[in-house]
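# Descriptive structure summary
Each chain, written out:
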Amino acid sequence: MLLVLSEEHKEHLAFLPKVDTKVVGEFGRITMEFLRRGTSPKIYEGAAKKLCVPVEIVQHGVEGLMFLMLESSKHMLSEVDFLDSVLVLGFDEELNQILLQLYLQHHNQIRSILSHLPSSLPAYHNLEWRLDIQLASRLCRQQVIPMLTMRLLLTRGCDSHSDYSSRVLQADPSTLLYLISTLEAALAAIKTSHGRRILRNIK
Amino acid sequence: MELSESVQRGLQALADASSFDQSSFQALIDVSHRSLLSSHGDPAVLDHPELKQIDQILLKQVHTAATTFILEAVKQNADKSTISSSLEELTFSAEKIEIFYSIYQVHFNSPAHFLTPFLSFSSSIGRRPAQINDISWRLQYHMKNGQVDKVNEPFYSISLNSEKDGCSEDMNFTCTMEQLQDLVGKLKDAAKSVEKASQM
């Protein structure tokens, strides 16, 4: 597929051929830093002074470059598609190659950053368990009740990924066996012919 | 069995033949067992035809003493001789002891611990973590989302239903196939250790 670049976008990127190729590489580096850690006005001002151009031009150039990289990574463009999309900007061959190299080097990273953006449901992280035998309680003596206590750790979803929520749960042995048989059926579902057909054909 | 003074007094009143003949005694013991085993307190529990002639205040004292005695016996898993000797000390006649024990036995049959209502009754009172009731799953294929195209990954949505103090709660989470295999592996380890423990 080809990217369709808006007129405004093309205008922003029009700055790139006017500078040295080393500068384009520098912009690429700023772009990646932007994606990883955000940016600050000082970086733009510094670059603008060195190149003797207004700050907005530098800012638009970097943002345009970043948007180009984002969209290409989102759609997983092949090399050919990327070059064809960039062709419309009318850059020379060397600049196109620089942009391509920038894309190829970084698109995996960009995709993994993007994949953290969507809000998600809590996801399974870990299950800790222990087997206890209850011998007595305040109301009742001389019991022999096996009890499985479990701690389920889940990631919090759209919040910070390093925090886990934990829930303490109990189950008796028969419930445990029921859980195991149900989940094994779930695992088997992915290996049915129906499942395999879908996984194979939607790519 | 250790019983407080007020319980002992209530039971002695129950033992007294002039206040409770055998049929009203049987009715009261029956009613006491049923009020322990039902899940809701029933204000009409003492409205039994056999108990209508008895002074209502005495009836309540005796009912409280009887239910406390039954709970104590259940708590300690008392056998027939323990119950009989405790009741004898409180001046119960042999016939009343027989009547009591035959009703008690129907509801609280010891020592088969695992299979009796005794077990679920006493275990359901008290604090404990949420109990797992049910689990359901969905297998889905994630194709794309607003930020990333061509994701193309299968994943599971699991819903774990648990209950605590009568409130049911659903825990929803997602996992990949590898994570689900990890979860099932851990549950199987737990099951194996339960099996080993039961063989000791």
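Note that the coordinates shown come from a computational prediction; the quantities given were computed from them, not determined experimentally.

### Topic: the overall build of chain A
A tally of regular secondary structure across chain A gives eight helices and three strands. Of all 203 residues assigned to chain A, the portion counted as buried reaches 39%. Sequence separation of 24 or more characterises 56% of the internal contacts of chain A that already satisfy a separation of 6 or more.

### So, the side chain of Thr 31 of chain A
Note on placement: Thr 31 of chain A falls in helix 2 (residues 21–37). With residues near it in sequence (within four places) discarded, Thr 31 of chain A still touches Val 62, Leu 65 and Met 66 of chain A.

### Here we look at the interface of chain A and chain B
Taken together, the contacts link 54 residues of chain A with 59 residues of chain B. For the chain A and chain B pair, buried surface summed over both sides reaches about 5300 Å², with 70% attributable to carbon and sulfur atoms. Looking only at chain A, the three residues that lose the most surface to chain B are Tyr 124, Leu 139 and Leu 183 of chain A, adding up to 14% of its buried area. At the junction of chain A with chain B, the criterion picks out two salt bridges. Of all the secondary-structure elements, those providing two or more residues to the side of chain A that touches chain B are helix 4 (55–75), helix 6 (93–115), strand 1 (124–134), strand 2 (145–155), strand 3 (164–171), helix 7 (173–189) and helix 8 (193–201) of chain A. Counting residues per element, the side of chain A that touches chain B draws most heavily on helix 7 of chain A, which supplies 14 residues. Partitioning the side of chain A that touches chain B into residue classes produces 39 nonpolar, eight polar and seven charged. In this structure, strand 3 of chain A lies alongside strand 1 (residues 130–142) of chain B, joined through two bridges in parallel fashion. Counted as the bridge partner of Leu 169 of chain A is Ala 130 of chain B from strand 1 of chain B.

### Thoughts on the pattern of salt bridges
Within the structure shown, the criterion is met by twelve salt bridges over all chains. Notably, a salt bridge pairs Arg 151 of chain A with Glu 128 of chain A, separated by 3.0 Å at the nearest N-O pair. Of the two residues, Arg 151 of chain A is situated in strand 2 and Glu 128 of chain A in strand 1; the sequence distance between them amounts to 23 residues. For Lys 80 of chain B, the salt bridge is made with Glu 98 of chain B, and the minimal N-O distance between the two is 3.2 Å. Remark: Glu 98 of chain B occurs in helix 5 (residues 94–107) and Lys 80 of chain B occurs in helix 4 (residues 80–89); sequence separation between them is 18 residues.

### As for the nonpolar core
Leu 16, Phe 27, Leu 65 and Phe 82 of chain A are the most contacted members of the largest nonpolar core, which has 36 residues in total. Listing elements by their share of this core, those giving two or more residues are helix 2, helix 3 (41–51), helix 4, helix 5 (79–87) and helix 6 of chain A. Ignoring any residue separated from it by four or fewer positions in sequence, one finds Phe 82 of chain A in contact with Leu 68, Met 69, Ser 72, Leu 77, Leu 99, Leu 100 and Tyr 103 of chain A. Ranked by size, the runner-up nonpolar core spans 35 residues in total, among them Leu 3, Leu 36, Ile 97 and Ile 99 of chain B.

### Topic: the sheet that holds strand 1 of chain A
Taken in spatial order, the six strands of this open sheet run 1(A)-2(A)-3(A)-1(B)-2(B)-3(B), and their pairing is mixed. Sheet topology places strand 1 of chain A together with strand 3 (167–175) of chain B at the edges, where each strand pairs with a single neighbour. Put simply, the sheet's adjacent strands are angled 25° from each other on average, direction ignored. Together, strand 2 and strand 3 of chain A together with strand 1 and strand 2 (153–164) of chain B form the strand contacts of helix 7 of chain A, whose direction differs from that of strand 1 of chain B by roughly 5°. Sheet strands in contact with helix 7 (residues 177–198) of chain B are strand 1 and strand 2 of chain A together with strand 2 and strand 3 of chain B, and its direction is about 10° off that of strand 1 of chain A.

### Points about the confidence of the model for chain B
Residues and elements named next belong to chain B. Scored by pLDDT, chain B comes out at a mean of 84, with 90% of its residues at no less than 70. Here residues 110–119 scores under 50 on pLDDT; set against residues more than four positions off or in separate chains, the count is 17 contacts. Two summary scores accompany this predicted model of the complex, namely pTM at 0.69 and ipTM at 0.75.

### Things to note about the environment of Ser 159 of chain B
Residues and elements named next belong to chain B. Summarising the element assignment, Ser 159 is placed in strand 2. Along the chain, Ser 159 and Phe 173 lie 14 residues apart, while their C-alpha atoms are 6.6 Å from each other. The contact partners of Ser 159, leaving out residues within four places of it in the chain, are Asp 134, Ile 135, Ser 136, Asp 170, Met 171 and Asn 172. At 3.1 Å, the side chain of Ser 159 and the side chain of Asn 172 are in polar contact.

### Comments concerning the packing of helix 4 of chain A against helix 6 of chain A
Residue and element names in this part refer to chain A. Between helix 4 and helix 6, the least distance of the axes is 8 Å, while the angle of their chain directions is 70°. As far as their axial angle goes, helix 6 and helix 4 are roughly perpendicular. Crossing handedness for the pair helix 4 and helix 6: right-handed. On the side of helix 4, the interface is formed by Leu 65, Met 69, Leu 70, Ser 72, Ser 73 and Lys 74, while helix 6 contributes Leu 99, Leu 102, Tyr 103, His 107, Ile 110, Arg 111 and Leu 114.

### As for the pairing of strand 3 of chain A
Inspection of the sheet shows strand 2 of chain A paired to strand 3 of chain A by eight bridges, in the antiparallel sense. In the strand pairing of strand 3 of chain A, Thr 155 of chain A is matched with Tyr 164 of chain A.

### Section: the packing of helix 5 of chain A against helix 6 of chain A
All names here are of chain A. Running from N to C, helix 5 and helix 6 point in directions that differ by 135°, and their axes come no closer than 10 Å. Classified by the interaxial angle, the pair formed by helix 5 and helix 6 is oblique. Judged by the sense of rotation from one axis to the other, the crossing of helix 5 with helix 6 is right-handed. For the pair helix 5 and helix 6, contact is made by Glu 79, Phe 82, Leu 83, Val 86 and Leu 87 and by Asn 96, Gln 97, Leu 99, Leu 100, Tyr 103 and Leu 104, respectively. When grouped by side-chain class, the residues that make up the contact of helix 5 with helix 6 number eight nonpolar, two polar and one charged.

### Here's the deal with the pairing of strand 2 of chain B
Residues and elements named next belong to chain B. Pairing of strand 1 with strand 2, which is carried by eleven bridges, proceeds in the antiparallel orientation. From the neighbouring strand, Tyr 141 faces strand 2, where its bridge partner is Pro 154. Pairing geometry for strand 2 and strand 3, over nine bridges, is antiparallel. When the bridges of strand 3 are listed, Ser 157 appears paired with Thr 174. What sits between strand 2 and strand 3 in their antiparallel hairpin is a turn of two residues, with Asp 165 showing a positive phi close to 55°.

About the cut-offs
Residues numbered from 1 in each chain as written. Chains lettered and ligands numbered in written order. Predicted model: local features only at pLDDT ≥ 70, side-chain atom pairs only at ≥ 80, totals over all residues. Heavy atoms only, no water. Helix = DSSP H or I, 4+ residues; strand = E, 2+ residues; numbered from the N terminus. Buried < 20%, exposed > 50% of the residue type's maximum accessible area, 1.4 Å probe, protein only. Contact = heavy atoms within 4.5 Å. Buried area = accessible area lost by both parts, 1.4 Å probe. Salt bridge = Lys/Arg side-chain N within 4 Å of Asp/Glu carboxyl O. Nonpolar A, V, L, I, M, F, W, Y, C, P; charged D, E, K, R; others polar. Pairing = 2+ DSSP bridges. Core = buried A, V, L, I, M, F, W, Y, C linked by side-chain atoms within 4.5 Å. Axes fitted to C-alpha atoms, helices over the stretch in contact; angles between N-to-C directions. pLDDT = per-residue confidence, 0-100. Polar contact = N/O pair within 3.5 Å; in protein donor to acceptor, adjacent residues only side chain to side chain. Parallel < 35°, antiparallel > 145°, perpendicular 65-115°, else oblique. Left-handed = near helix turned anticlockwise from the far one by under 90°.

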